[in-house]
Amino acid sequence: LAQTYFSTIAITLTSPMTIVLFTGIFAGMGNQKLLDGILPLTLGVFLSTTFWFSSLSLMISYCKTWFNSQHICMINIIAGMCIVMFALYRLVVIIS
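Reading the values: the criteria
- Residues numbered from 1 in each chain as written.
- Predicted model: local features only at pLDDT ≥ 70, side-chain atom pairs only at ≥ 80, totals over all residues.
- Heavy atoms only, no water.
- Helix = DSSP H or I, 4+ residues; strand = E, 2+ residues; numbered from the N terminus.
- Areas by Shrake-Rupley, 256 points an atom, 1.4 Å probe, with all protein chains shown as cover.
- Polar contact = N/O pair within 3.5 Å; in protein donor to acceptor, adjacent residues only side chain to side chain.
- Phe/Tyr/Trp six-rings, centres within 6.5 Å; stacked < 30°, edge-to-face > 60°.
- Buried < 20%, exposed > 50% of the residue type's maximum accessible area, 1.4 Å probe, protein only.
- Expected span 1.5 Å × (residues − 1).
- Patch = residues over 30% accessible without salt bridge, like charges linked within 9 Å, V, L, I, M, F, W, Y side chains within 5 Å.
- Salt bridge = Lys/Arg side-chain N within 4 Å of Asp/Glu carboxyl O.
- Contact = heavy atoms within 4.5 Å.

Turning our attention to the overall build of the chain. Within the chain one finds four helices and zero strands. If you list the helices and strands of the chain from N to C, you get α-α-α-α. Counting only carbon and sulfur atoms, one obtains 78% of the accessible surface of the chain, whose full area is about 8000 Å².

Printed below as a string of structure tokens:
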């Protein structure tokens, strides 16, 4: 469980989206506000991320005995179909 948690944190922190998000937030705060608000913001993000990934890791470790590789494959197919349908919907909205 600990290995899963820490690998997930490492992947999240090295994600380009996370880096861009933090860069944008800190750039948008300005110099003085950045100095005043950097600790609460960073601590809040860290604590909420810790809570989220701890909950997610516990839930997955609890439920992993319920799923075999066929179930996981089916979940992946359904998730992929949902993503494709949402992308097509957004494309139709943009075009029309």
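This part is about the environment of serine 61. Inspection of the secondary structure assignment puts serine 61 in helix α3 (residues 31–63). Measuring from C-alpha to C-alpha, the distance between serine 61 and threonine 4 comes to 9.2 Å, with 57 residues separating the pair along the chain. For serine 61, the side chain forms a polar contact with the main-chain oxygen of leucine 58, separated by 3.0 Å.

The geometry of an aromatic ring pair comes down to the distance between the two centres and the angle between the two planes. Under the criterion given, the structure shown has one aromatic pair. Relative to tryptophan 66, the ring of tyrosine 62 has its centre 5.5 Å away and its plane inclined at 70°; by these criteria the two rings are edge-to-face. Side by side, tyrosine 62 and tryptophan 66 carry an identical accessibility label, which is exposed.

The end-to-end C-alpha separation of helix α4 (residues 69–95) is 39 Å, in line with the 39 Å expected for 27 residues at 1.5 Å each. Of the residues flanking the start of α4, the one acting as N-cap is asparagine 68, its side-chain oxygen 3.0 Å from the backbone nitrogen of glutamine 70.

For the rest of this paragraph, the subject is a nonpolar patch on the surface. On the surface, Ile38, Leu39, Leu43, Phe46 and Leu47 cluster together into a nonpolar patch covering about 510 Å² of accessible area. Tracing the backbone shows leucine 47 in helix α3.

Position of threonine 12 among the secondary structure elements: in helix α1 (residues 2–13). Exposure remark for threonine 12: the relative accessible area of 23% places this residue in the partly exposed category. Separated by 37 residues in sequence, threonine 12 and threonine 49 place their C-alpha atoms 9.3 Å apart. When near neighbours in sequence (up to four residues on either side) are disregarded, threonine 12 contacts Thr18 and Phe53.

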